[in-house]
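Spelled out, the chains give:
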Amino acid sequence: MSTRQEEMESKKLASFFEEDLCIFSLRSKKKISVLQEMVRHLAGVGRISDERFIMEMLKNRESLGSTGLGMGVAFPHGRSLAIKDLTVLFARSASGVEFEAQDGEPTKIFFLILAPSDRGADTYLALLSELIGIIQKPKKLESLLAVKDHASLIGILGGEES
């Protein structure tokens with residue numbers, strides 16, 4: 001078993017999703033404003049100290065190609081020495097956002113992943129892999145698209161079909 005798999009088993013996927021790191025009704029309707037809303041939320045709960053720096057990092061990453069994978073899901077992400085701990089924010093937009101997704105469809109689910117660049121790469125990659133696995137399951141994806149509270153989100157990520 002690889003180190004990455006062992007780390008993910010020792011820390012279950014659902015444990016990365018804290019209640020204060022969820023936005024169940026994004027107000028923003030455009031790509032940059034959605035990123036700003038998520039970054040502002042992280043600053044508001046004390047997870048980041050430099051909103052401008054994080055926004056620039058995310059914009060630079062998006063300029064390389066949209067992190068909107070399609071199926072209504074995006075994984076904006078970045079790694080930096082300015083980030084102390086792996087942080088995952090879940091956000092949902094009921095109506096969807098034009099996020100330049102690969103399939104051209106509106107994006108409704110966002111997993112913003114920020115990680116330190118000097119450590120934890122295996123956990124970061126394993127987390128991303130687990131999330132991609134979940135969205136590839138039609139029932140799980142359908143549940144995520146409708147999720148409205150933290151308990152339901154944890155149920156979906158923890159293995160229960162909500």
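Throughout this document, residue positions are counted from 1 along each chain, in the order its sequence is written. Residues qualify for local features only when their pLDDT is at least 70, as the model is predicted, and side-chain atom pairs are given and counted only at 80 or more; totals for whole chains, interfaces and linings, by contrast, use all residues. Neither water nor hydrogens contribute to the side-chain values; these are computed over all heavy atoms in the structure.

(A) Main features of the pattern of salt bridges. Think of a salt bridge as a Lys or Arg side-chain nitrogen and an Asp or Glu carboxyl oxygen that are within 4 Å of each other. Within the structure shown, the criterion is met by 5 salt bridges. We note a salt bridge from Glu-18 to Arg-47, for which the minimum N-O separation is 2.4 Å. You can see Glu-18 sitting in the loop between helix H1 (3-10) and strand E1 (22-23) and its partner Arg-47 sitting in the loop between helix H2 (31-44) and helix H3 (51-63), a full 29 residues away along the chain. Taking relative accessible area as the criterion, Glu-18 reaches 33% and is therefore assigned partly exposed. Only protein chains enter the accessibility calculation, which uses a 1.4 Å probe. A residue is then buried if its area is under 20% of the maximum for its type, exposed if over 50%, and partly exposed in between. Overall, Arg-47 belongs to the partly exposed group, its relative accessible area being 32%. Taking the shortest distance from any N to any O, the salt bridge between Asp-20 and Arg-47 comes out at 3.8 Å. Within this pair, whereas Asp-20 is found in the loop between H1 and E1, its partner Arg-47 is found in the loop between H2 and H3, the two being separated by 27 residues in sequence. In the salt-bridge network here, residues are joined through shared partners; they are Glu-18, Asp-20 and Arg-47. Only DSSP runs of H or I with at least four residues qualify as helices, and only runs of E with at least two residues qualify as strands; both kinds are numbered from the N terminus onward.

(B) Representation of the confidence of the model for the protein. Residue-level confidence of the predictor, termed pLDDT, takes values from 0 up to 100. Confidence in the prediction for the protein averages 89 pLDDT; 91% of positions are at 70 or higher. The element-level mean pLDDT for the protein is lowest in H1, coming to 43, with E1 highest at 98.

(C) Seen up close, the packing of aromatic side chains. By convention, a stacked pair of Phe, Tyr or Trp rings (six-membered ring in the case of Trp) has centres within 6.5 Å and planes under 30 degrees apart, an edge-to-face pair has planes over 60 apart, and any other such pair is tilted. If you walk through the whole model with that rule in mind, you get 5 aromatic pairs. Geometrically, the ring pair formed by Phe-17 and Phe-111 is edge-to-face, given 5.9 Å between the ring centres and 80° between the ring planes. Here Phe-17 is found in the loop between H1 and E1, whereas its partner Phe-111 is found in strand E6 (residues 107-116), with 94 residues between them in sequence. On the numbers, 5.3 Å between centres and 15° between planes, the contact of Phe-75 with Phe-111 is stacked. With Phe-75 in the loop between strand E3 (73-74) and strand E4 (77-80) and Phe-111 in strand E6, the pair connects residues that are 36 residues apart, well separated along the chain. Considered together, Phe-75 and Phe-111 belong to a single accessibility category, that of buried residues. Through successive ring pairs, a cluster of aromatic residues spans Phe-17, Phe-24, Phe-75, Phe-90 and Phe-111. By definition here, charges over rings are those cases where NZ of Lys or CZ of Arg is within 6 Å of the ring centre and within 35 degrees of the ring normal. Over the ring of Phe-99 we find Lys-31; its NZ or CZ atom is 4.9 Å from the centre of that ring. A cation over an aromatic ring shows up here: Arg-79 above the ring of Tyr-124, its NZ or CZ 5.2 Å from the ring centre.

(D) Just the nonpolar core, in detail. Grouped together as the largest cluster of nonpolar side chains are 26 residues, with contacts concentrated most on Phe-17, Phe-90, Phe-111, Leu-131, Leu-144 and Leu-153. Mapped by element, the contributors of at least two residues to this core are strand E5 (87-97), E6, helix H4 (121-135), helix H5 (138-146) and helix H6 (150-157). For this core, the leading source of residues is H4, giving 6 residues. Here a residue-residue contact requires only that any non-hydrogen atoms of the pair lie within 4.5 Å. Sequence-distant contacts of Phe-111, that is, excluding residues within four places in its chain, are made with Phe-17, Val-73, Ala-74, Phe-75, Pro-76, Leu-89, Phe-90, Leu-131, Ile-135 and Leu-144. Judged by nonpolar contacts, the second largest core, of 22 residues, contains Val-39, Met-57, Leu-58 and Ala-91. Each nonpolar core is a collection of buried residues, namely Ala, Val, Leu, Ile, Met, Phe, Trp, Tyr and Cys, held together in the definition by side-chain atoms within 4.5 Å.

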